[in-house]
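# Structural overview
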Amino acid sequence: MKELKSYLETNKQRFLDELLDLLRIPSVSADPKYKNDVRRMAKATADHLRQAGAEHVEIHETAGHPIVYGDKMIDPKAPTVLVYGHYDVQPADPVNLWDSPPFEPVVKKTKLHPQGAIFARGACDDKGQFFMHVKAFEAMIKTAQLPCNVKFMIEGEEEVGSKNLEKFCRENKKKLTCDVVLISDTSVIANDTPSLTVGLRGLCYMEVEVTGPNKDLHSGVYGGAVANPVNVLCSMIASLHDAKRRVTVAGFYDGVEKVSGKERKMMNGAPYDEKTYMKDLGVSDLMGEKGYTTIERTGIRPTLDVNGIWGGYIGEGAKTVLPSKAFAKISMRLVPDQDPKKIEKLFQKHFENLAPKSVKVKVSAHHGGYPVVVPTNSVEYKAAEKAMETSYGKKPLPQRGGGSIPIVAMFDQVLNAKSVLMGFGLDSDDIHSPNEHYGLFNYYKGIATIPLFYRFYSEMKKKK
Ligand code: BES
Ligand code: MN
Ligand code: MN
């Protein structure tokens, strides 16, 4: 391990420079405009894997963006770790809200990152985090300390729902056979409070279209007589929460796991300061389901949010119009044991029932994903816990994350493998927002922790 440490120390600057180069590639999966850049990013990822010492490196074509695979099999009797990550990023807009261009990374100090943080789209989600695995792997190979088999599967469609990854996994079950999936795509509570993610919320993402009159109308000539679809959509949306901020979709809470008082108490024991939380977000109050704390509202409770709403005139100045149509994108975060497929149907039915006769509604579904809970008594959890405890000098707290990685539940089903969610970002790193960043401390801490996981996991597996 001493050699490893000095390898990391010697190559520190190069590890950073290489990441900065990857961050210059605008691999935005949602926007077809960037298709070639996404491909360039896949190629760069494959090249890095090869240079680090991976074999069988390939860029697997899909109906969408490619999946990068590579492995290093050292011993058929040793355990196999499958590293999953994503090289695609969210769109950078609104670009004018960035302090520096999103694809021209800069390192700047912040209050939470006194050693500096890399500002760029994808710095934390997930380029900085998946690349830690490539660099940790390189270090283990170059110092001859890789204790087990490794497979890498880095995809380019996570941010658009991993549409083609499931098919790839089903068709390549054998190739992807593994004992555990290792993922760094989540956060720690704070840099002095390490944590392991033990839950992810599921997702059900819908789109609605409300149509009133068959054309845009003069709002003076017709206003007051004909249903305005924007007005109607707003009241329909408003009715999706009750006075206690519970979701009113009939059947929504059926099957929601009741978390024990013991676990709730433990969750709420994690360091959290409401005043700082509100100050960071520039809000003077919080809002959420009655009877639950902020940690619970984002960790163990399902929610519904409008992600976008449009219709009518939104150009310069004023136009008096009674629009023909109104639209909204509405997503629901789900918890065990809610089923996104069932929720989709419940939402559709509920929304259709809500509509007054004066309008027509169309409800359609985008991507979704199942929620995840990770047991804390498994070999892989213990190994991750010990790895973090060794590198941080503090035992990590188990914490449920509010975000979703829809493919994780599928790994369990299709590959029959449990995942370790060992992320190193901070919730305040502004992923998906302007000025996304990733701390240098976090980047290097991740690279140092990953080999410890491999070592402890291999040792613990052997003993079992
Ligand atoms: N890495 C995030 C998920 C995440 C972030 C989990 C922080 C826990 C803590 C991932 O890239 C993501 O953004 N997922 C999407 C889902 C996807 C279907 C677009 C999400 O959660 O919105
Ligand atoms: Mn991610
Ligand atoms: Mn993301």
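Above this text is the structure in question.
Residues numbered from 1 in each chain as written. Chains lettered and ligands numbered in written order. Predicted model: local features only at pLDDT ≥ 70, side-chain atom pairs only at ≥ 80, totals over all residues. Heavy atoms only, no water.

Turning next to the overall build of the protein chain. Helix and strand counts for the protein chain stand at 13 helices and 20 strands. Here the protein chain has a C-alpha radius of gyration of 23 Å; the compact-globule value for 464 residues is 23 Å, and the two agree. In the protein chain, which comprises 464 residues, the share counted as buried stands at 54%. In the protein chain, 78% of the contacts between residues at least 6 apart in sequence involve partners at least 24 apart. Of the accessible surface of the protein chain, which amounts to about 21,600 Å², a share of 51% is contributed by carbon and sulfur atoms. (Helix = DSSP H or I, 4+ residues; strand = E, 2+ residues; numbered from the N terminus. Rg over C-alpha atoms; globule rule 2.2 N^0.38 Å. Buried < 20%, exposed > 50% of the residue type's maximum accessible area, 1.4 Å probe, protein only. Contact = heavy atoms within 4.5 Å. Areas by Shrake-Rupley, 256 points an atom, 1.4 Å probe, with all protein chains shown as cover.)

Among the structural elements, glutamine 338 can be located in the loop between β14 (325–334) and α10 (340–354). A distance of 2.8 Å separates a polar atom in the side chain of glutamine 338 from the backbone oxygen of phenylalanine 252. The residues touching glutamine 338, leaving out its near neighbours within four places in the chain, are Phe252, Asp254, Gly255, Val256, Pro302, Arg333, Ile343, Tyr370 and Pro371. (Polar contact = N/O pair within 3.5 Å; in protein donor to acceptor, adjacent residues only side chain to side chain.)

Time to look at the coordination of the manganese ion (ligand 3). Distances from the manganese ion (ligand 3) to its protein donors, Asp125 (OD), Glu159 (OE), Glu159 (OE) and His432 (NE2), fall at 2.1 to 2.6 Å. What the 6 donor atoms of the manganese ion (ligand 3) show is an angle range of 55 to 154° at the metal, which sorts the shape as irregular. Overall, histidine 432 belongs to the partly exposed group, its relative accessible area being 39%. (Donors = N, O, S within 2.8 Å, 3.2 Å for Na, K, Ca; no water. Tetrahedral: all angles 85-135°; square planar, octahedral: opposite > 155°, others 65-115°.)

Looking at the manganese ion (ligand 2), one finds its protein donor set to be His86 (NE2), Asp125 (OD), Asp185 (OD) and Asp185 (OD), positioned 2.0 to 2.4 Å from the metal centre. Positions of the donor residues of the manganese ion (ligand 2) along the chain correspond to the pattern H-x38-D-x59-D. A separation of 3.6 Å is found between the manganese ion (ligand 2) and the manganese ion (ligand 3), both of which receive a donor from aspartate 125. You can see histidine 86 sitting in strand β3 (residues 80–86) and its partner aspartate 185 sitting in the loop between β7 (180–183) and β8 (187–188), a full 99 residues away along the chain.

A separate point is the packing of helix α2 (residues 12–23) against helix α13 (residues 440–463). Running from N to C, α2 and α13 cross one another at 110°; their axes reach a closest spacing of 12 Å. Taken together, the axes of α2 and α13 lie roughly perpendicular to each other. Two packed elements cross with a definite hand, and for α2 against α13 that hand is right-handed. Side by side, α2 and α13 meet where Lys12, Gln13, Phe15, Leu16 and Leu19 of the first sit next to Leu440, Tyr443, Tyr444 and Ile447 of the second. Looking at the contact of α2 with α13 residue by residue, the classes come out as 7 nonpolar, 1 polar and 1 charged. (Axes fitted to C-alpha atoms, helices over the stretch in contact; angles between N-to-C directions. Parallel < 35°, antiparallel > 145°, perpendicular 65-115°, else oblique. Left-handed = near helix turned anticlockwise from the far one by under 90°. Nonpolar A, V, L, I, M, F, W, Y, C, P; charged D, E, K, R; others polar.)

Quick look at helix α1 (residues 2–10) now. For α1, the set of buried residues is Leu4, Tyr7 and Leu8. One face of α1 carries all of its buried residues, which in axial projection span an arc of 95°. Facing away from the buried side of α1 by more than 90 degrees, the exposed set consists of Lys2, Glu3, Lys5, Glu9 and Thr10. Residues of α1 that are buried make contact with α2, α4 (127–142) and α13. (Arc of directions from axis to C-beta.)

Next up on the list: the sheet that holds β14. The antiparallel open sheet is built from 4 strands, whose spatial order is β12-β14-β10-β15. Where the open sheet ends on each side, the last strands, each with one partner, are β12 (303–311) and β15 (360–369). Ignoring which end each strand starts from, the neighbouring axes of this sheet average 15° apart. One ladder, built from 10 bridges, connects strand β10 (residues 202–211) with β14; its direction is antiparallel. Counterpart to glycine 202 in the pairing with β14 is leucine 334. Contacts between helix α6 (residues 229–238) and the sheet are confined to β10, β12, β14 and β15, with β14 contributing the most and set at about 15° to the helix. (Pairing = 2+ DSSP bridges.)

It is worth spelling out the site of ligand 1 at this point. Neighbouring ligand 1 are 17 residues, the closest being Glu158, Asp185, Arg333, Ser404 and His432. One nitrogen or oxygen atom from the side chain of aspartate 125 is found 3.0 Å from an oxygen atom belonging to ligand 1. With respect to ligand 1, the side chain of glutamate 158 contributes an N or O atom lying 2.7 Å from an oxygen atom. Protein coverage of the free-state accessible area of ligand 1, which is 520 Å², stands at 90%. Taken together, the residues of the shell around ligand 1 sort by class into 5 nonpolar, 7 polar and 5 charged. When residues of the shell around ligand 1 are assigned to domains, at least three map to each of domain 1 (2–200 + 371–463) and domain 2 (202–256 + 302–369). (Near = heavy atom within 4 Å. Domains from an automatic or database assignment.)

Right, let's get into the pairing of strand β2 (residues 67–72). Across the 6 residues that make up β2, a large majority, 6, are buried. Pairing of strand β1 (residues 55–60) with β2, which is carried by 4 bridges, proceeds in the antiparallel orientation. The residue of β2 that forms the bridge with glutamate 58 is tyrosine 69. Taking the residues between adjacent antiparallel strands as the criterion, β1 and β2 are bridged by 6 residues. Across 5 bridges, β2 lies against strand β6 (residues 149–155) in antiparallel orientation. Across the sheet, the residue bridging to tyrosine 69 is methionine 153, located in β6.

Turning next to the packing of aromatic side chains. Summed over all chains, the structure comprises 13 aromatic pairs. When the centroid spacing of 5.2 Å and the interplanar angle of 10° are considered together, the rings of tryptophan 310 and phenylalanine 327 count as stacked. Taken together, the residues span a long stretch of sequence, with tryptophan 310 in strand β12 and phenylalanine 327 in strand β14 at a distance of 17 residues. A relative accessible area of 34% means that tryptophan 310 is categorised as partly exposed. The interplanar angle of 50° and the centroid separation of 5.4 Å between the aromatic rings of tyrosine 443 and tyrosine 444 together place this pair among those described as tilted. Judged by its relative accessible area of 0%, tyrosine 443 is buried. Here the aromatic residues Tyr438, Tyr443 and Tyr444 are joined through ring pairs into a cluster of three or more. Above the plane of the ring of tyrosine 253 lies arginine 246, whose end atom (NZ or CZ) is 4.1 Å from the centre. A cation over a ring is seen here: lysine 445 above tyrosine 392, with NZ or CZ 5.2 Å from the ring centre. (Phe/Tyr/Trp six-rings, centres within 6.5 Å; stacked < 30°, edge-to-face > 60°. Lys NZ or Arg CZ within 6 Å of the ring centre and 35° of its normal.)

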